[in-house]
Amino acid sequence: MKKTEENIIAVKSKAFAIRIIKLYKYLCDDRANEVIGKQILKSGTSIGANVKEALRGQSKADFIAKMSIALKEASETEYWIELLEESDCITETQGASIQNDCVELIKILMSITKTAEKK
């Protein structure tokens, strides 16, 4: 198995988590955004945490379960980004950039879970 630093989903999910933390800091400048900010902080950083756990999984079933949770967290994060954009808490440009990263993670995670389930 590749080292975490060489694993594309581990690298991308960690980079995404850092973007989410920065977004949270930006959102906290306005009290109205605080609730959604906390939600996106939890789901957006959880993606990478579950990926990291999956890569150290004890079994194939454990790996699939953790990657599936990462996928669910990514889908939830996508929803929060949509809400932030549609409620004008972030600009369309800001939203599109982070949304593209989130969708990329979703696609990779879907591919990983489907492939692992077939083996």
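Residues numbered from 1 in each chain as written. Predicted model: local features only at pLDDT ≥ 70, side-chain atom pairs only at ≥ 80, totals over all residues. Heavy atoms only, no water.

**Student:** Describe helix α3 (residues 60–86), with residues and values.
**Tutor:** The terminal C-alpha atoms of α3 lie 39 Å apart, and with 27 residues this matches the ideal 39 Å at 1.5 Å per residue to within 8%. Considered for burial, the residues of α3 that qualify are Phe63, Ile64, Met67, Ala70, Leu71, Glu73, Ala74, Thr77, Trp80, Ile81 and Leu84. The secondary structure elements touched by the buried residues of α3 are α1 (8–27), α2 (34–55) and α4 (92–118). Two residues or fewer past α3, Asp88 is found with a positive phi of approximately 65°. (Helix = DSSP H or I, 4+ residues; strand = E, 2+ residues; numbered from the N terminus. Expected span 1.5 Å × (residues − 1). Buried < 20%, exposed > 50% of the residue type's maximum accessible area, 1.4 Å probe, protein only. Contact = heavy atoms within 4.5 Å.)

**Student:** Tell me about the packing of aromatic side chains, residues and numbers included.
**Tutor:** Tallied over the full model, the rule gives 1 aromatic pair. Geometrically, the ring pair formed by Tyr79 and Trp80 is edge-to-face, given 5.3 Å between the ring centres and 65° between the ring planes. Accessibility expressed as a relative area gives 45% for Tyr79, which makes it partly exposed. (Phe/Tyr/Trp six-rings, centres within 6.5 Å; stacked < 30°, edge-to-face > 60°.)

**Student:** Explain the packing of α1 against α2 to me, using residue names and the numbers behind them.
**Tutor:** Between α1 and α2, the least distance of the axes is 9 Å, while the angle of their chain directions is 165°. One finds that α1 runs roughly antiparallel with respect to α2. Where α1 crosses over α2, the handedness of that crossing is left-handed. Facing α1, whose interface residues are Ile9, Ala10, Ser13, Phe16, Ala17, Ile20, Ile21, Leu23, Tyr24 and Leu27, α2 presents Gly37, Lys38, Ile40, Leu41, Gly44, Thr45, Ile47, Gly48, Val51 and Leu55. (Axes fitted to C-alpha atoms, helices over the stretch in contact; angles between N-to-C directions. Parallel < 35°, antiparallel > 145°, perpendicular 65-115°, else oblique. Left-handed = near helix turned anticlockwise from the far one by under 90°.)

**Student:** So what about the pattern of salt bridges? Which residues, and what values?
**Tutor:** Taken as a whole, this structure holds 4 salt bridges when the rule is applied. One salt bridge connects Lys12 with Glu104, and the closest N-O pair in it is separated by 3.0 Å. Linking Lys12 in helix α1 with Glu104 in helix α4, this pair joins segments that are 92 residues apart in sequence. Measuring nitrogen to oxygen at the nearest pair gives 2.5 Å for the salt bridge that ties Arg19 to Asp101. In this pair, Arg19 sits in helix α1 while Asp101 sits in helix α4, placing the two residues 82 residues apart along the sequence. (Salt bridge = Lys/Arg side-chain N within 4 Å of Asp/Glu carboxyl O.)

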